[in-house]
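Okay, here's what each chain looks like letter by letter:
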Amino acid sequence: MASPVRAPLVEDWPVGPRETKTAENFATSAERFVIAHEVGHILHKHLITDSAKVDLAKASLAELDKRPVEQEIEADVSGTFISIESMDKDGIDPRAAVTGIYFFLRAVQLGELVGAIEVDEAHRPAEERLNICDHVIGGRYGSHAPVLRQWARSSDELLERFARAALKERDRRRLVAAARMDEVLRTTTWSMGQRDIARDTALLKEMQSLMSHSPSAVVEALAANLCDADTYRQVLQSASSVEALERDDRWRRHQIAHFIARYAPVPVKQCLGVRFPIMGGQA
Ligand SMILES: [Zn+2]
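Residues numbered from 1 in each chain as written. Predicted model: local features only at pLDDT ≥ 70, side-chain atom pairs only at ≥ 80, totals over all residues. Heavy atoms only, no water.

1. Re a nonpolar patch on the surface
The grouping of Ile 35, Val 39 and Leu 43 at the surface amounts to a nonpolar patch, some 280 Å² of accessible area in total. Of note, Leu 43 is situated in helix H1 (residues 17-43). Exposure remark for Leu 43: the relative accessible area of 57% places this residue in the exposed category. (Patch = residues over 30% accessible without salt bridge, like charges linked within 9 Å, V, L, I, M, F, W, Y side chains within 5 Å. Areas by Shrake-Rupley, 256 points an atom, 1.4 Å probe, with all protein chains shown as cover. Salt bridge = Lys/Arg side-chain N within 4 Å of Asp/Glu carboxyl O. Helix = DSSP H or I, 4+ residues; strand = E, 2+ residues; numbered from the N terminus. Buried < 20%, exposed > 50% of the residue type's maximum accessible area, 1.4 Å probe, protein only.)

2. Considering the coordination of the zinc ion
Only His 37 (NE2), His 41 (NE2), Glu 72 (OE) and Glu 72 (OE) from the protein reach the zinc ion as donors, at distances of 2.1 to 2.7 Å. Its 4 donor atoms give the zinc ion angles of 52 to 140 degrees at the centre, a pattern that matches the irregular case. Donor residues binding the zinc ion come from one chain and are separated in sequence as H-x3-H-x30-E. In this pair, His 37 sits in helix H1 while Glu 72 sits in helix H3 (residues 69-89), placing the two residues 35 residues apart along the sequence. (Donors = N, O, S within 2.8 Å, 3.2 Å for Na, K, Ca; no water. Tetrahedral: all angles 85-135°; square planar, octahedral: opposite > 155°, others 65-115°.)

3. Considerations on helix H11 (residues 249-262)
Compared with the 20 Å implied by 1.5 Å per residue over 14 residues, the 20 Å span of H11 between its first and last C-alpha is a close match. Most of H11 sits inside the fold, with 10 of its 14 residues counted as buried. Elements that come into contact with the buried residues of H11 comprise helix H6 (145-187), helix H7 (197-213), helix H8 (215-225), helix H9 (229-238), helix H10 (242-247) and helix H12 (266-272). Backbone nitrogen of Arg 250 and a side-chain oxygen of the N-cap are separated by 2.8 Å at the start of H11; the cap is Asp 248. (Expected span 1.5 Å × (residues − 1). Contact = heavy atoms within 4.5 Å. Polar contact = N/O pair within 3.5 Å; in protein donor to acceptor, adjacent residues only side chain to side chain.)

4. Digging into the environment of Ala 223
Tracing the sequence through the fold places Ala 223 in helix H8. C-alpha of Ala 223 to C-alpha of Cys 271: the two residues are 48 residues apart in sequence and 9.0 Å apart in space.

Below you can see the structure in the form of structure tokens.
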């Protein structure tokens, strides 16, 4: 919406009022499609789930959001022309509405690609949904369709470049984080005696930063080094003394991974499938 294809992919690209406004326009148009999709559900009198089967007071949002796939398609179809025609009525160029549809579904598609959004029975893959919306545009607006798609097509090219660059950056960060995790688990010492609070704090701080850069690299390294209960018991039993235990590489790696996991955010603990009893509470 501001010649987006020419936007360079460099970090120091200055963001001025014009760029901020462009970003707002994209977001507003995408939001309009999301709301138009929901209005579509209302127009078609789609019920939110089968209320007879669900205790509405206790149901989670995910449970309430279950609809048959046909209803989701109907809502996408209606949402497409509702967002385009309502924008036209509001005196805004309807090409912005089409851009919003593309923009929203491409963002969902990128989410699917990295596993942040799951495709379920009701919500078909974003690419499929985009094809449906695009088909509606062609069918309903006929000879006007190519003009309506103009901005969307050029921003789509930009989004594809962003997606490629983002995935490449993700892989790069993953490699760096995995190498650092390998080093930490290989070289960090651990003893049964006195803790070095300053060192431990610095380690946790670094782990926090690594987790925000590449959570999967951290989770994989921890999972590979945590012993299960049986193995841990074996390690303890086979050590002849505290000194021998401290020389056992498996024990050392487990202690470090355990320490990092204990202070990791809840989703990381869930990924690892570990629980930590509260000190002094019940084990
Ligand atoms: Zn829906």
